Amino acid sequence: MGCCTGRCTLIFLCTLQLLAALERQVFDFLGYQWAPILANFLHIIIVILGLFGTIQYRPRYIVVYAIWTAVWVTWNIFIICFYLEVGGLSKDSELLTFNISRHQSWWSENGPGCVRKEASMSGIKGLDSHSYISVIGCALEYRYIEVMHSSFQILIALVGFVYACYVVSVFTEEEDSFDFIGGFDPFPLYHVNEKPTNLLFKQTYLPA
């Protein structure tokens, strides 16, 4: 397959997905979002597997990648519903942190234009710690930033799924055509080698 084919496009999409997943993983780590961290980690592994399968002509790896993209789309739809509070979900719940902590998205305090106000803790002597009170002046709410991240992931995953199916079909057709020609069967080669000897045998018995 040439460089301007679906194979090269899928390599580009897998690379883009890998970069986007690594960027998202960094911010999920900063926000202690344990469920997204695990999902991102698994996503990175499968994308690397799909990238390897595309480069090395391994259709089975690409099939695994295609199946995972469907799961990844479902997960990101859930994240969108979570932050938009669809179906009884609440963005203030501890669902994404496995109820281990009360941390929220890193963007909730560090979004564009956000100003974080803090005040000294009362009732504790000898400590210079501060207590978080509020965040004001955000140009964009953090939930919309998370929704945009998930929407971008869904878009890449859907395009990747289409190209993965196309590349698998092309690889399968190439393997079938190669088998049909006799690429893996030594039997036709046997006949090719036998043919000249048969001709010589016939020539020796031609009448003078």
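Residues numbered from 1 in each chain as written. Predicted model: local features only at pLDDT ≥ 70, side-chain atom pairs only at ≥ 80, totals over all residues. Heavy atoms only, no water.

Caption draft 1: Expanded view of the overall build of the protein. Helix and strand content of the protein: 6 helices and 2 strands. Reading the secondary structure of the protein in the N-to-C direction produces α-α-α-α-β-β-α-α. By residue count, 33% of the 208 residues in the protein fall in the buried class. Intrachain contacts of the protein at a sequence separation of at least 6 include 65% that bridge at least 24 residues. Entry remark: accessible area of the protein is about 13200 Å², with carbon and sulfur atoms responsible for 68%. (Helix = DSSP H or I, 4+ residues; strand = E, 2+ residues; numbered from the N terminus. Buried < 20%, exposed > 50% of the residue type's maximum accessible area, 1.4 Å probe, protein only. Contact = heavy atoms within 4.5 Å. Areas by Shrake-Rupley, 256 points an atom, 1.4 Å probe, with all protein chains shown as cover.)

Caption draft 2: Quick peek at the packing of aromatic side chains. Considering all chains together, one arrives at 11 aromatic pairs under this definition. Plain terms: the ring middles of F27 and W106 are 5.0 Å apart, the flat faces sit at 40 degrees to each other, and that makes the pair tilted. Of this pair, F27 sits in helix α1 (residues 6-30) while W106 is found in the loop between α3 (59-83) and α4 (107-110), placing the two residues 79 residues apart along the sequence. With a relative accessible area of 24%, W106 lands in the partly exposed category. Both rings, one in W75 and one in F78, keep their centres 5.6 Å apart while their planes meet at 35 degrees; by these two values the pair is tilted. Of the two residues, W75 and F78 both sit in helix α3, 3 residues apart, roughly one turn of that helix. Linked through ring pairs, W75, F78, F82, Y83 and Y142 together constitute an aromatic cluster. (Phe/Tyr/Trp six-rings, centres within 6.5 Å; stacked < 30°, edge-to-face > 60°.)

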